[in-house]
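One-letter residues, chain by chain:
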Amino acid sequence: MLHRLRAQADDPILALMVQLAGDTREGKIDLGVGVYKDDSGATPIMRSIKQAEYQLWQAQQTKSYGALAGDPAFLDAMRQLVLGDAADAAQVAAIATPGGTGAVHQALELLRMAQPGARVFAPVPTWANHLSILAHLGIEAVPYRYYDAETHSVDHTGMLADLAQLRSGDAVLLHGCCHNPTGADPDMAQWRALIDVMNARGAVPLIDLAYLGFGDGLEADAAATRAIAESCPVVLVAASCSKNFGIYRERTGILLAVMQDGALQARAQGALTHLNRQNYSFPPDHGARLVSMVLTDGALRADWQAELEAMRHRMTDLRTLLAQTLGAAVGTDRFAYLAQHRGMFSRLPVTPEQVATLRDAHAIYMAPDGRINIAGLHTNTIAPLADALVAVGI
Ligand SMILES: Cc1ncc(COP(=O)(O)O)c(C=O)c1O
């Protein structure tokens, strides 16, 4: 039976990680995988998480099963972090999931269950795993224009033109902030126009929120999600705690289904809990418990926010320095967009061949589409990167 399986294509980013690990050259620069790094190149455990872990270790008396939907304290704290006052608890159904990936998967399963045949409009480009999960679930993906590579900004006209093809019940995949892989987000007026087209067509927004707090701060980064939740009849939000709490391997995320008609809440909650039961039964608990401890303890929360802000500032400072250094190296302002983008990623205007030369000749690793992880930079590696980019002819 196993001989019937077809070979799976490698995930390009994960393949890059393997190549990088085998590279013994001094001074190699890793701009590939989407993991936050500090000035020393480490991905540290956040102070508040370490403290919560210590407290949990002392206090926890059992590892027996918890609740199928996930720890209620986690669901509650995350609902408030993501939605603020945009929806009452009675209008939200929620489940804990294994990371943001699990939340995206569960959201798509819910869509398929509630609306068989619904299509999912996905931005071009998007996180590669979106497309492969959609294919895996047998859900039709319809590409919509998102990024204008000439202007390095959102192709708003193209996006609205493509979304005019939505049919009632289709879903629109959106990145709530810090778009991966481009770093270009709509502004508030553009979000409002998106809301109008989704409502006019009867489409369901599915918001992937993997970088809350990495863009302009927790409140600003949640603004689009909250505006959509206030304005659309039903919204699905898949939020990850991997990056903003630095708990990647704990697999912690949440799926929120927000609805204006609270009479649907119990049915939606039942369906979500059922999906957890079918896919993995009880969701991972350890990371979720740490998150709820951090969010509900005043001192831990203040420290978490301060550390998250420091991470965010490190990325915006690196963006500014990279834009300035590259601008000076090529004598134009054509890299100014790097400072305007938000989150962990932006794309450099390089061909796959130039990406290969950067890797082979300069030990600089980035995704084949030119996506770079800004947090993988260091003030000391920006000049060598700029020199290498000039050497490959950007
Ligand atoms: C856009 C986007 N969505 C979701 C995820 C999933 O994150 P995780 O499953 O690790 O929480 C990522 C991670 O890279 C991402 O970039």
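Everything in this summary refers to the structure shown in the same document. If you're wondering where the values come from, they're calculated on a predicted model, not measured in any experiment.

## As for the site of the ligand
Okay, step 1: Within the structure, the ligand sits among Gly99, Gly100, Thr101, Trp127, Asn180, Asp208, Ala210, Tyr211, Ser240, Ser242, Lys243 and Arg251.
Okay, step 2: Within the contact set of the ligand, an oxygen atom lies 2.5 Å away from a side-chain nitrogen or oxygen of Thr101.
Okay, step 3: Within the side chain of Ser240, one N or O atom sits 2.6 Å away from an oxygen atom of the ligand.
Okay, step 4: Notes on the ligand: free accessible area 390 Å², of which the protein chains cover 90%.

## Re the environment of Arg342
Okay, step 1: Structurally, Arg342 can be placed in the loop between helix H12 (337–340) and strand S11 (345–347).
Okay, step 2: Between the C-alpha atom of Arg342 and that of Ser240, which follows or precedes it by 102 residues, the distance is 17 Å.
Okay, step 3: In terms of polar contacts, Arg342 uses its side chain to reach the side chain of Asp216, at 2.8 Å.
Okay, step 4: A polar atom in the side chain of Arg342 sits 3.2 Å from the backbone oxygen of Ala339.

## Some thoughts on the pattern of salt bridges
Okay, step 1: Per the counting criterion, the structure on display carries 15 salt bridges.
Okay, step 2: Among the salt bridges present, the one from Asp30 reaches Lys37, with a minimum N-O distance of 2.7 Å.
Okay, step 3: In this structure, Glu309 engages Arg312 in a salt bridge whose closest nitrogen and oxygen atoms are separated by 2.8 Å. In this pair, Glu309 and Arg312 are both assigned in helix H11 (residues 298–330), three residues apart and thus about one turn of the helix distant.
Okay, step 4: Overall, the relative accessible area of 29% leaves Glu309 in the partly exposed class.
Okay, step 5: One network of salt bridges, in which partners are shared, links Arg47, Asp303 and Glu307.

## Concerning helix H2 (residues 47–59)
Okay, step 1: Between its first and last C-alpha atoms H2 spans 18 Å; for 13 residues at 1.5 Å apiece the expected length is 18 Å, and the two agree.
Okay, step 2: Those residues of H2 that fall on the buried side of the exposure criterion are Ser48, Ile49, Ala52 and Leu56. Within H2, the buried residues cover an arc of 95 degrees as seen down the axis, which keeps them to one side.

Analysis parameters
- Residues numbered from 1 in each chain as written.
- Predicted model: local features only at pLDDT ≥ 70, side-chain atom pairs only at ≥ 80, totals over all residues.
- Heavy atoms only, no water.
- Near = heavy atom within 4 Å.
- Polar contact = N/O pair within 3.5 Å; in protein donor to acceptor, adjacent residues only side chain to side chain.
- Areas by Shrake-Rupley, 256 points an atom, 1.4 Å probe, with all protein chains shown as cover.
- Helix = DSSP H or I, 4+ residues; strand = E, 2+ residues; numbered from the N terminus.
- Salt bridge = Lys/Arg side-chain N within 4 Å of Asp/Glu carboxyl O.
- Buried < 20%, exposed > 50% of the residue type's maximum accessible area, 1.4 Å probe, protein only.
- Expected span 1.5 Å × (residues − 1).
- Arc of directions from axis to C-beta.

So far we have only geometry, and geometry alone does not tell us how the molecule works.
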